[in-house]
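Architecture and fold: a report
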Amino acid sequence: MLNNKDFEAIVGKGSVTNDTEVLGEFSRDHSYEIPRTPALVVRPENTEQIRSIVKLANKKNYPLVPVSSGPPRFRGDSVPAVDKAVALDLSGMKEIMWVNRRNRVALVQPGVTFRELETELESQGLRCMIPLLPRSTKSIVGSFMEREPTTMPKYSWDLGDPIASSEMILGDGYLTRTGGAAGPAGTLEAQRKVGGAHKLPFSPMFMDVKRIAQGSQGSFAICTWMALRCELLPEHERVYFAGADRPDKLIEAAYRFIYLRLTDEMYILNSLNFACMLESDPLKIEELRRRLPYWILVLSIGGYGELARDQFECKEGDLIDEASELGVELKEELGGINESEYRDRVVRKVSGEPYWKLRYKGDAREIFFLTSLSRVPEFCEAARSTAEDYGFDPANLGVYVQQVIQGTACHLEFDLYAPTEETAAMQAFYTGLSKKFFEMGGYYSRPYGVWADLVYPHAETFVKYARGLKRIFDPNTVMNPEKLCFKEM
Amino acid sequence: MSRKMPDEAYEEFKQVAGENNVSIEPEVLETYTYMNGLAQGAMGFHWNRKPIGVVLPSTLEEVRKILEICTRYGLKFKAHSTAWVIMALATSGNVVLLDMRRMNNLEINERDFFLITESYPPAGVAQIEAMKKGLQPHLVGAGPNASNLASATSMQGTGGTSVRTSMNERNVLAVEWVLPTGEVLKLGSINTPGAGWFCGDGPGPSLRGMMRGAVGQVSGNGVFTKVALKLYPWYGPEYKGGGEPPFFNSEEVPNSYLKYVLWDSFDDEAEGLYRLGEAEIIDYNNRWAAGAFTSAMTTSNQEYLDAEAAGKYKEMFGKGFWTFFMHAPSERSLKHRIKVFEKIVSDTGGEIADPMIFGKRSYEIALQNAVRAIWIAKAAYMPTSANTGSMPMTYENIDQCFKYALPISVNAKKEYANQDKILNEGADNCYACIDEDGHYIHIEHACLIDTWEPKGEPGGAAMVGMAKALSKGMGLLYMSWPGSLKDFIVYLQYSAQIQSMIDPNGIADSSGTMGASYLAT
Ligand SMILES: Cc1cc2nc3c(=O)[nH]c(=O)nc-3n(C[C@H](O)[C@H](O)[C@H](O)COP(=O)(O)OP(=O)(O)OC[C@H]3O[C@@H](n4cnc5c(N)ncnc54)[C@H](O)[C@@H]3O)c2cc1C
C-alpha cells in the first residue's frame, strides 16, 4: 500500500501531492495511451532525494514514472502503464549547474528548458543543439534521454549527442556517471580542479549506461544532470529557403549540403508545418500555407569563431555556387516570411503558446521513425494514399524531415492535425498509418505506444537481452514498468 | 583441461567450415601463437598461448554452428580478424580461434554515407573503395591494415582523422552480433525488416551500451559478423601512391594543405588546439615527438641510432610537434581555412614548418599519415618493438591533457630516461589527437624502450611509473576507468552480470578483457 508519509519523509510535505487535478495532469496526454491516474506526484529537489526515493521504491515495490517536462505531453511515455504509480516530477530541478565557454559545455538538471539554457549560453557566445521549435516546457534532459532529433545535422555525430557526460540513478538505486564524468578524480569539482570538463562522450571500459538508458522511456535509470556539448554562437547568420512542389530536388540538396558540412540548421518541412510554426491562428495558418510551395528546405549558414565574417562569406559563396549547380533557388523570403523574422521566431527558439502542433486544429498526433532520406517521397505517398483510405484529409498532414547522424539517416515525422473530438476515426487512421510505415521498413527507433507492438515481435533476441539488462539494472522493475518491450516482466 | 582438439569436434568443425578451413596442425597453430604486437613490448613478454585449433568460417551460419560446437565440447572461442593486437590470440587454454579472413565482404552505401563491413576487410581497403565515391571511413592509428569491424565493435578506435571522422565507438550503426550462445543479436534498424543499416540504437534502449564502452571486449562477448559504420566526406580524388615500401610516393591531394606545427609551451599548445578545433577546419591532426618521427624516418635500428646520435630530429621535435592536414571542397574554402589556420598558429606563438623540412621522406610521412594513417604503426615498431605500446592514456579535454596530465607524465618519464631505462628521445613522446573538432582529445603518454639496452626496462616499469604519477596527480587511470575503486568494483559487477547473461556456458576466451569474464565465471 502506497504511503504518502514515506515520500514526505524524503522530500517534505509540500512536495508530495495526491490532489486530483494535479494527478489528472499526469494521467493522460496527446497520445492514445490509456489514461491512468498515478497515486501520487512527488517533486524531489536534488539527487539525494531522488536516490532515496528509488531506494524506497525498491524496498516497497512502488512503481516510479520519471517526468521532466511540463505539459502538453504527446507520446504516452510518461502516462503510467501500471496502477498506483508515483509520478516523479523533476521539472522543478532547474539549475544550470555550469557553463564553460572554453570547453563548450553546459551542465543542466532535468527541469531546465531550452529557452532557459539558450539565454544563458548566448550570453557566453554559445548555442546548444535543440529540437525543432520545442514547446516551452520541454526539458532538455527529457529530450536527449529520448534521442530527440535536433536541427543542426552537421553536429549530430551520433544519436547519443549532444550528451557528453551524465549522472544516472539506476533502477536499483546505484548512482553512476557516464562519459568523462565517470572517470578520474571523483567529484565534479575535483575533476574540474585537474582541468576536466566532463566532455568525453563515451563511458569507461566495456559498457555505457547512457546508451542503455537513452531511448528507454525511463525504464532503466533517472538522469539527474547532463553535460551537453555546445557549439559557438554565430556572429553572422542567414537563413535560406528553397521551395518546390516535389521533394526530390530538395532531398538532393540536403544530401549535398550535409556532405559539404556547409549548413548549420537544415531540415525540410511541408507548407502546413511551416505555417503552423509561424502563425498561431488557424485562419492565418491557412493563408500562409496558401502562399507557400508545398515543400520547403530550410537551411542556415553561420560565421562564428575565428574570422567569422570571412567564414560566413566563404560559406555563402560556396552555398550559392552549389545551389546553382543543383538547380535549387535559395530565397531569403518565402510567403512573406523573411529570413530574419524566421530566425527571430524559430532558430534556437521555443514555441510560443499554444504549442505550434496544437494551433491548427487544437490537437495533433505524431508518427515518426527513422529512414533513409532518399525514401521520404515513398513514405509521403503512402501517407497520402493511406489518409484517403481512412477518410482523413491529406491536407491536414504536416511533414518534418530531419537528417540525423550527419546525414546517415533521417527522422521522418508526420503530424496528423485533427480536433480532439475526432478521436475514434483518428485512432484508426493513426494505427493504420503506423502499420503501413512499419511494413514499408520505417524504423521506429523510439517505439512509443502501438509502435512497440509493431517493432518488438520482429526483434525477439533483442527483446530477450533488453529484458535481461532491465533485470540487471532494475531488478525490482520499479522504473516506469510495462513500457516498450518490458511488458509482463 | 584438454590441450588438444577432441577428434569429434574436429570432424564437426570440418563439416561446418569445410576440410581446408580447419587446422590443428602444430606448425599452423604455431603461427597463431606469437605476435610482435601492441602491448607486447610494454609488458615484456611474448604471447604464448597456443590455440587448440583454427577454424575459418565464411558465413554467419557457420559462426553460429562453430560456437555451438564449442559449447557442446566445452571449448572456448576467440575471433581473430586482422590481428594487430595480441588479444586476437588465445588468452587461455582450450581455445579455438576463428580466423575471420573469409568473411571479407564490404558494401558501400554512398547515398547515406555508410559502409557495411564483415569482419576482415581492413580499413584501408574500405577507404580506397569509399574514396572512389568521394567518401572515407575512419582509420585508427594502427593504420589501413587493421579491421574496422574489430576496432569498432571490440577494440578502441581513435586516429588522427578523429577530428573529422570521430572515434569508432561513435561510428557504429547497425550491428550483427553472434553471442556466445549462438544467438544472433541485432542492434538498431536491422531489427525492422526492410529498414536498412543506418542506425545502431534501439528499438528503444540502445544495446550498443552492452557491446562496448571506451573499449571493447576483444571477442569476450561473441563474434561480430557485420557492422555498418559511418562514412565521411573525402573531397579529393582517390589517393594514389606508388614506389617501394616503406617509403611510397604519393600524388598530391588537390585543395589540401599540410604542415607541421611546433609550440613552445603546453599552455600555448592548448590554446592553439582549442581555437583550431572550434574553427572546424582541420581534417587530420597528430602530435608526435622526436622518437616516433625518427622511427618513421629510418629503416633499421642502426639507422635509427645514427639519426638519434646526429640529433637533428630531437633538436627540432624534442618537445613534440603536430601534423595538420586540411582538405576542402572548394578553393575558396581552402583559402579561408589557411587564413584561419595561420592566424591561430601565429596568435598562439606556434611555428609552422614545411613538411619537406627533412626532405621528401618527411613530407611523405606527413601526407601518408594524414590520408592513410600509415606511419604510426611503423613508428611503434621501430626500432623493433621499442614503443611501450599500451601506455597510459588520458582521454578528456584539451586543458586537462596539456596543463595537468602531460606535465605529470613528462616529469615521471625524466627519471627513467636519466637512468637509461628508456630511450631519451626528448622531453616527451606524447601521441595525441583532438577528436570531433576539439570536443575531446585522446592522448597516449608513450615512451620508447631499447630492448637491447641492458638497463632497458621492457617490462613496462616506465609505463607503470607514469601511470602511477598520473593517478596520484589527478586520479587518472588508463582510458578513464571509473573514478573510484568502489565504482570500479561495482562497474565490474554489472559487467560480470552482463557477461553471465550473454555467455552462460563461459565459452568466450575473454581473459583479455581484464575483469568482466573473470568475475562472471
Ligand atoms: C602499432 C599499433 C598502433 C595502434 N594504434 C591504435 C590507435 O591509434 N587507435 C586505436 O584505436 N587502436 C590502435 N591500435 C589497436 C588497433 O587499432 C586495433 O587492434 C584494430 O583497430 C583492430 O584491428 P586488429 O587488426 O587488431 O584486429 P584483431 O586483432 O583481429 O581484433 C582486435 C580484437 O577484436 C577481436 N575481434 C576481431 N574480430 C572480431 C569479431 N569478428 N568479433 C568479435 N571480436 C573480434 C579480437 O579477438 C581482438 O581481441 C594499434 C595497434 C597497433 C599494433
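Residues numbered from 1 in each chain as written. Chains lettered and ligands numbered in written order. Predicted model: local features only at pLDDT ≥ 70, side-chain atom pairs only at ≥ 80, totals over all residues. Heavy atoms only, no water.

Remarks on the site of the ligand
Residue and element names in this part refer to chain B. To keep things clear, this is the line we draw: Being near a molecule or strand, for a residue, means having at least one of its heavy atoms within 4 Å of it. Counted as a polar contact is a pair of N or O atoms within 3.5 Å, where, for protein atoms, one must be capable of donating a hydrogen and the other of accepting one, and residues adjacent in sequence contribute only when both atoms are in side chains. All accessible areas in this document rest on Shrake-Rupley with a 1.4 Å probe, and a residue is counted as covered only by the protein chains that are shown. Where helices and strands are cited, they refer to DSSP runs of H or I of at least four residues and of E of at least two residues respectively, numbered from the N terminus. Each residue gets one of three labels, nonpolar for Ala, Val, Leu, Ile, Met, Phe, Trp, Tyr, Cys and Pro, charged for Asp, Glu, Lys and Arg, and polar for the others, Gly among them.
Taken together, the neighbourhood of the ligand is formed by 34 residues, with Ala79, Ser81, Thr82, Gly157 and Thr158 sitting nearest. In the environment of the ligand, a nitrogen atom lies 2.8 Å from a nitrogen or oxygen atom belonging to the side chain of Ser119. In this structure, Val218 approaches the ligand through a main-chain N or O atom, which is 3.5 Å from an oxygen atom. Summarising the interface, the protein chains cover 98% of the accessible area of the ligand, which totals 930 Å² for the free molecule. Elements that contribute at least two residues to the shell around the ligand include exactly strand E3 (76-80), helix H6 (148-154), strand E10 (223-230) and helix H16 (375-381). A class-by-class count of the residues in the shell around the ligand yields 20 nonpolar, 13 polar and 1 charged.

As for the sheet that holds strand E3 (residues 64-67) of chain A
All names here are of chain A. Just so we agree on the cut-off: Here, any two strands with at least 2 DSSP bridges between them count as paired. The contact criterion used is simple: two residues touch if any of their non-hydrogen atoms lie within 4.5 Å. To obtain an axis, a line is fitted to C-alpha atoms, over the contacting stretch when the element is a helix, and the angle between two such axes runs from 0 to 180 degrees between their N-to-C directions.
Here 4 strands make up an open sheet; going across it, the order is E1-E2-E4-E3 and the pairing mixed. The outermost strands of the open sheet, each flanked by one partner alone, are strand E1 (16-17) and E3. Bridge count between strand E2 (residues 40-42) and strand E4 (residues 86-89): 3 bridges; the pairing is parallel. Across the sheet, the residue bridging to Val42 is Leu88, located in E4. Of the strands in this sheet, E2, E3 and E4 touch helix H3 (residues 47-60), which is tilted by about 155° from E3.

Here's the deal with the domain arrangement of chain B
Residues and elements named next belong to chain B. What counts here: Where each domain begins and ends is defined by an automated method or by a domain database. Values labelled buried area give the accessible surface lost by two parts on being combined, using a 1.4 Å probe and summing over both. Any Lys or Arg side-chain nitrogen located within 4 Å of an Asp or Glu carboxyl oxygen qualifies as a salt bridge.
Per the domain assignment, the segments making up chain B are domain 1 (7-100), domain 2 (106-233), domain 3 (254-471) and domain 4 (484-521). Here the C-alpha centroids of domain 2 and domain 4 sit 23 Å apart. Contact residues are listed per partner, giving 10 residues for domain 2 and 12 residues for domain 4. Summing both partners gives a buried area of about 840 Å² for domain 2 against domain 4, and 70% of it is carried by carbon and sulfur. For the pair domain 2 and domain 4, the number of links is 0 salt bridges. For the pair domain 2 and domain 4, the number of links is 1 residue pair in polar contact (both at pLDDT 80 or more).

Concerning the packing of helix H11 (residues 308-326) of chain A against helix H14 (residues 331-347) of chain B
Basically, it comes down to this: Under this scheme an angle from 65 to 115 degrees is roughly perpendicular, one under 35 degrees roughly parallel, and one over 145 degrees roughly antiparallel; angles in between are oblique. Note: crossing handedness is left-handed where the near helix turns anticlockwise from the far helix by less than a right angle, and right-handed where it turns clockwise.
With their axes 9 Å apart at the nearest point, H11(A) and H14(B) run at an angle of 165° to one another. Classed by the angle they form, the pair H11(A) and H14(B) counts as roughly antiparallel. Where H11(A) crosses over H14(B), the two elements pack in a sense that is left-handed. For the pair H11(A) and H14(B), contact is made by A:Asp310, A:Gln311, A:Cys314, A:Gly317, A:Asp318 and A:Asp321 and by B:Arg332, B:Ser333, B:His336 and B:Lys339, respectively. By residue class, the composition of the contact of H11(A) with H14(B) is 1 nonpolar, 4 polar and 5 charged.

Some details on the nonpolar core
Quick note on the threshold: Residue types Ala, Val, Leu, Ile, Met, Phe, Trp, Tyr and Cys, when buried and joined through side-chain atoms within 4.5 Å, form a set referred to as a nonpolar core. Only protein chains enter the area calculation, which uses a 1.4 Å probe; residues under 20% of their type maximum are buried, those over 50% are exposed, and those in between are partly exposed.
Counting residues in each nonpolar core, the largest one holds 134 residues, and the members touching the most others are A:Leu297, A:Phe414, A:Leu416, A:Phe437, A:Phe473, B:Trp177 and B:Met210. Contacts of A:Phe437, omitting those with residues within four sequence positions, involve A:Ile367, A:Phe369, A:Phe379, A:Ala382, A:Ala383, A:Phe414, A:Gly442 and A:Tyr444. B:Phe247, B:Leu258, B:Met297 and B:Phe358 belong to the second-largest nonpolar core, a separate cluster that totals 33 residues.

Quick word on the environment of B:Glu251
Residues and elements named next belong to chain B. Here Glu251 lies in the loop between strand E13 (249-250) and strand E14 (256-262). Sequence spacing of Glu251 and Lys240 is 11 residues, and the spatial spacing of their C-alpha atoms is 5.7 Å. In contact with Glu251, other than residues within four places in its own chain, are Lys240 and Leu367.

Topic: the interface of chain A and chain B
The interface is formed by 96 residues belonging to chain A together with 105 residues belonging to chain B. Approximately 8,500 Å² of surface area, both sides summed, lies buried where chain A meets chain B, with 58% of it carried by carbon and sulfur atoms. In this assembly, chain A and chain B are joined by 16 salt bridges. With its nearest N and O atoms 2.9 Å apart, the salt bridge here joins A:Arg102 to B:Glu271. Among the elements that line the side of chain A that touches chain B, the one with the most residues is helix H16 (residues 460-473) of chain A, at 9 residues. Residues that form the side of chain A that touches chain B fall into these classes: 48 nonpolar, 26 polar and 22 charged.

What about the pairing of strand E15 (residues 284-288) of chain B?
Residue and element names in this part refer to chain B. Burial analysis of E15 places 5 of its 5 residues in the buried class, which makes it a mostly covered element. Here E15 shows a buried face lined by Tyr284, Asn286 and Trp288 and a second buried face lined by Asn285 and Arg287. Sheet topology note: the E15/strand E16 (residues 321-327) ladder contains 5 bridges and is antiparallel. Across the sheet, Trp288 pairs through a bridge with Phe321, a residue of E16.

Regarding the sheet that holds strand E1 (residues 22-23) of chain B
Residues and elements named next belong to chain B. Across the sheet, which stays open at both edges, the 4 strands sit in the order E1-E2-E4-E3 with mixed pairing between neighbours. Looking along the sheet, the strands with just one partner apiece sit at the ends: E1 and E3. Of the strands in this sheet, strand E2 (53-55), E3 and strand E4 (95-99) are in contact with helix H4 (residues 60-73), which crosses E4 at around 175°.

Some thoughts on H16(A)
Because each turn of an α-helix spans 3.6 residues, side chains separated by three or four positions in sequence point in the same direction. Rules: Here a helix's expected span is defined as the number of its residues, less one, multiplied by 1.5 Å.
Between its first and last C-alpha atoms H16(A) spans 20 Å; for 14 residues at 1.5 Å apiece the expected length is 20 Å, and the two agree. When we look at burial in H16(A), the residues that qualify are A:Phe462, A:Val463, A:Tyr465, A:Ala466, A:Gly468, A:Leu469, A:Lys470, A:Ile472 and A:Phe473. Of the surrounding secondary structure, the elements contacted by the buried residues of H16(A) are strand E8 (163-170) and helix H7 (209-213) of chain A together with strand E9 (184-187), helix H9 (208-211) and helix H19 (485-502) of chain B.

Quick look at the domain arrangement of chain A
Residue and element names in this part refer to chain A. Along its sequence, chain A is carved into domain 1 (4-89), domain 2 (96-232), domain 3 (236-345) and domain 4 (361-451). Relative to domain 2, the C-alpha centre of domain 1 lies at a distance of 23 Å. Listed per partner, the contact involves 17 residues of domain 1 and 21 residues of domain 2. Interface area lost by domain 1 to domain 2 is led by Thr47, Arg51 and Ser68, which between them contribute 29%. There are 1 salt bridge connecting domain 1 and domain 2. With a closest N to O distance of 2.7 Å, Glu148 and Arg75 form a salt bridge. If you look at where domain 1 meets domain 2, you find 9 residue pairs in polar contact (both at pLDDT 80 or more).

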